[in-house]
Amino acid sequence: MTVPNSQSSARPGPRVPVVVHAPDPISRAGAESQLRRCLGVEVVPEREGRRGAVALLLADVVDATVTGALRRLVRSGETRVVLVVDQMRESELLDAVECGVGAILWRREATAERLGRAVLAAARGEGDLPADLLGRLITQMGRLQRSVQGIPGLASPGVSEREADVLRLVAEGWDTAEIAGKLSYSERTVKNVLHGLTTRLNLRNRAHAVAHALREGYI
């Protein structure tokens, strides 16, 4: 009896097209080689420019050049962006997410499995951000929020208590099913909360919603 391999046992379905943008041919070839090992992902040549493809951008740091490239990708219709970077500060995380990044990976952790997971999460409009970077950011914003509490004239929060609860768990890396279980909601309720929030505030995805809430001090 033959044992089915992971490819044959995978659920059939359309694959997510992904275009790799890298600063040099070697980096591009390495990323494309990793992605070809991922189920549900199809590597598309940059020259094809397939509309709706996820853009995977490799960079050392998030400088003005990288930020400009992110904005160009979003304007070109590739609204789902995965950023693979060597290092990043908290402020740069917010800038990247607000440019349209749906997922961020440290280059040292960019295995085939993690790349595939990030691409699929971005394609679904979900976030996939480094836990250590988010942890430092949440701590920083928590200090800022506590420092301004009680100041007269402070604007009221732009998110409800329920929305803030959901966003906190998204920021901690919980998926929809886990958030539903944690808060005793249905998965549909969690999705509706996030959809209502992103629609009302004109946010691109879950990662953008988390970045917005952190910047404004809501969570």
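Novice: Honestly, the nonpolar core in this entry has me stumped. Any pointers?
Specialist: Burial of nonpolar side chains together is a common tendency in soluble globular proteins. Ranked by internal contacts, the top residues of the largest apolar core, which has 24 residues, are L70, L83, M88 and I104. For this core, the secondary-structure elements that each account for two or more residues are strand 3 (54-59), helix 3 (64-75), strand 4 (81-85), helix 4 (90-98), strand 5 (101-106) and helix 10 (206-216). The contact partners of I104, leaving out residues within four places of it in the chain, are L83, V85, M88, L93, A96, V97, D128, L129 and P130. Counting 22 residues, the second largest nonpolar core, distinct from the first, contains A31, V41, L56 and A110.

Novice: Any chance you could explain the side chain of S27 here in plain terms?
Specialist: Secondary-structure assignment places S27 in helix 2 (residues 25-35). Look past the residues within four positions of S27 in its chain and what remains in contact with it is A22, L58 and R107.

Novice: Quick question: what am I supposed to make of the sheet that holds strand 1 (residues 16-21) here?
Specialist: Pairing between sheet strands relies on hydrogen bonds along the backbone, with the strands arranged either parallel or antiparallel. The strand order 2-1-3-4-5 describes an open sheet built from five strands, whose pairing is parallel. At either end of the open sheet lies a strand with only one pairing partner, and these are strand 2 (41-43) and strand 5. Across the sheet, the axes of successive neighbouring strands diverge by a mean angle of 25°, strand direction being ignored. Against the sheet, helix 2 touches strand 1, strand 2 and strand 3, its axis set at about 160° to strand 1. Of the strands in this sheet, strand 1, strand 3, strand 4 and strand 5 touch helix 3, which is tilted by about 170° from strand 3.

Cut-offs used in this document
- Residues numbered from 1 in each chain as written.
- Predicted model: local features only at pLDDT ≥ 70, side-chain atom pairs only at ≥ 80, totals over all residues.
- Heavy atoms only, no water.
- Core = buried A, V, L, I, M, F, W, Y, C linked by side-chain atoms within 4.5 Å.
- Buried < 20%, exposed > 50% of the residue type's maximum accessible area, 1.4 Å probe, protein only.
- Helix = DSSP H or I, 4+ residues; strand = E, 2+ residues; numbered from the N terminus.
- Contact = heavy atoms within 4.5 Å.
- Pairing = 2+ DSSP bridges.
- Axes fitted to C-alpha atoms, helices over the stretch in contact; angles between N-to-C directions.

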